[in-house]
Amino acid sequence: MHNESQIPIASQASKRFATRVALFYGTLFGMTGTHLPFFTVWLKAVGIDAFWIGLITAVPPVTRFTVLPLVTGLAERRQALRGGIIVTAFATALGFFILGTQHLPVLVFLIYALTCCLWTPMVPLTDAYALRGVKRYGLNYGPLRLWGSAAFVLGALVCGALFDLIAARNLIWIIAGAAALVALASLALQPLDDTKTARPGTGSASALLRDGGFIAVIVASALIQGSHAAYYIFASIAWQQAGFDGLTIAVLWVLGVIAEIVLFALSPRFTLQPSMLVMIAALSAAARWAITAQDPPLAVLAIVQLAHALSFGLTQVGVMGLMLHHVPGHVMARAQGYLTACGGIVAGLASIASGTIYETWGQGIYYVMAVMAALGGLVIWLARDRLSHQPHKAASGG
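Keep in mind it's a predicted model, so treat the numbers as computed, not measured.

Digging into the overall build of the protein chain
And then number 1: Summing up its helical and strand segments, the protein chain has 18 helices and zero strands in all.
And then number 2: Taken along the three principal axes of its C-alpha coordinates, the protein chain extends 55 × 45 × 35 Å.
And then number 3: When burial is assessed residue by residue, the protein chain has 53% of its 398 residues classed as buried.
And then number 4: Relative to all contacts within the protein chain whose residues are 6 or more apart in sequence, the contacts with residues 24 or more apart total 86%.
And then number 5: Of the accessible surface of the protein chain, which amounts to about 17,000 Å², a share of 70% is contributed by carbon and sulfur atoms.

Okay, structure coming up:
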């Protein structure tokens, strides 16, 4: 990482910022940990059929490349990242509480769609807010973000523990309660925007989409992270078919997240350029998927799962480093919106394609994922000079 992000926390202000951002990341991803495994279980429990479940669960990816960039752009133009986070957090909590009172498929779809329009922008808004603080206080992104990964595991475990204690039709209230914690944590975030010094973003953000370096970053990120699509969808199915029990499958998932947390914690020690970190992540992902395609035995698979730290975690650290040093602060939220939108498009297409390919090739789908990851590394390698020598050119107006 760049030397600017290596400065140790020295002031009370920086410690307070780091603590509050870490807390917010924790609540935000903790909520995701309750939602991702159990939202569809609630949908089924209240009588919604498979067709509507498929339609409803398709909403979040769609909002990522439609509504999300508009919300992040609006928050940035108003120089109100913190305000945008607070508004979206409370609106999301309200949306889930209202959702819990509905059982008709059409109403559930409409309310969930409106909720997702404000929920999905929260991560890019938070990343943009965090990176501004990283630059201002000389912090590191990884140690802030790791609390999100840790809380995701905790949220899933807590919801899983409660699964046998409460009726499935009441799971929505756990999700809504977790969303309420996110809203409360958002109030603790301290103001960062400086209206006296912040440059207006009018017209300048469009330059991001004309900058080859920035395009390379978001495309590479989308390809590498999108290469996880088959893993997210079919890993548990394949492991179950291989004869692994539920506990073993859970442990394999947790191994990957724990490795990711360790990498985030160690990331301040990294001295390589962010572009090099992304290339290493891409090659690691390609190797991971190529090995996974061989249907390895459990002992090898457990080791391979640790590579999640590189394929996902190192990609995140490297991409955030590139965003920090290549994108001006006054358009960071819109840049994060474009990053998430591009990732959503690629991940969505990869997910759709994975279903068809998996039916034909089975584990061979991971060879396709390996090619995707390798292409992501190639994109960054081709743009490495631009990213190394032209920081902050994007959207700078000249």
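Regarding the packing of helix H13 (residues 274–292) against helix H14 (residues 298–305)
Between two packed helices, what matters for the description is the angle formed by their axes and the separation of those axes.
And then number 1: Interaxial distance between H13 and H14 falls to 10 Å at its minimum, and their mutual angle equals 160°. As summarised for this structure, H13 and H14 are arranged roughly antiparallel, according to the angle between their axes. The hand of the H13/H14 crossing is left-handed. Here H13 contributes Arg288, Ile291 and Thr292 to the contact with H14, which in turn contributes Val300, Val304 and Gln305.
And then number 2: By residue class, the composition of the contact of H13 with H14 is three nonpolar, two polar and one charged.

Here's the deal with the environment of Gly54
And then number 1: Among the secondary structure elements, Gly54 is positioned in helix H2 (residues 50–57).
And then number 2: For Gly54, a relative accessible area of 38% corresponds to the partly exposed category.
And then number 3: Along the chain, Gly54 and Thr40 lie 14 residues apart, while their C-alpha atoms are 9.1 Å from each other.

Quick look at the pattern of salt bridges
And then number 1: All chains considered together, the criterion is met by two salt bridges.
And then number 2: A salt bridge links Arg132 to Glu76; the nearest nitrogen and oxygen atoms lie 3.6 Å apart. Remark: Glu76 occurs in helix H4 (residues 67–77) and Arg132 occurs in helix H7 (residues 122–137); sequence separation between them is 56 residues. Across this residue pair, the class does not change: Arg132 and Glu76 are buried.
And then number 3: When the shortest N-O distance is used, the salt bridge between Glu76 and Arg334 registers 2.7 Å. Taken together, the residues Glu76 in helix H4 and Arg334 in helix H16 (residues 332–361) connect sequence positions 258 residues apart. The burial state of Glu76 is the same as that of Arg334; both residues are buried.
And then number 4: Via salt bridges that share partners, Glu76, Arg132 and Arg334 belong to a single interconnected network.

Re the environment of Pro121
And then number 1: Position of Pro121 relative to the elements: it lies in the loop between helix H6 (105–119) and H7.
And then number 2: Separated by 58 residues in sequence, Pro121 and Thr63 have C-alpha atoms that sit 8.6 Å apart.
And then number 3: When neighbours within four sequence positions are excluded, Pro121 is seen to be in contact with Leu68, Val71, Thr72 and Cys116.

So, how was this worked out
- Residues numbered from 1 in each chain as written.
- Predicted model: local features only at pLDDT ≥ 70, side-chain atom pairs only at ≥ 80, totals over all residues.
- Heavy atoms only, no water.
- Helix = DSSP H or I, 4+ residues; strand = E, 2+ residues; numbered from the N terminus.
- Buried < 20%, exposed > 50% of the residue type's maximum accessible area, 1.4 Å probe, protein only.
- Contact = heavy atoms within 4.5 Å.
- Areas by Shrake-Rupley, 256 points an atom, 1.4 Å probe, with all protein chains shown as cover.
- Axes fitted to C-alpha atoms, helices over the stretch in contact; angles between N-to-C directions.
- Parallel < 35°, antiparallel > 145°, perpendicular 65-115°, else oblique.
- Left-handed = near helix turned anticlockwise from the far one by under 90°.
- Nonpolar A, V, L, I, M, F, W, Y, C, P; charged D, E, K, R; others polar.
- Salt bridge = Lys/Arg side-chain N within 4 Å of Asp/Glu carboxyl O.

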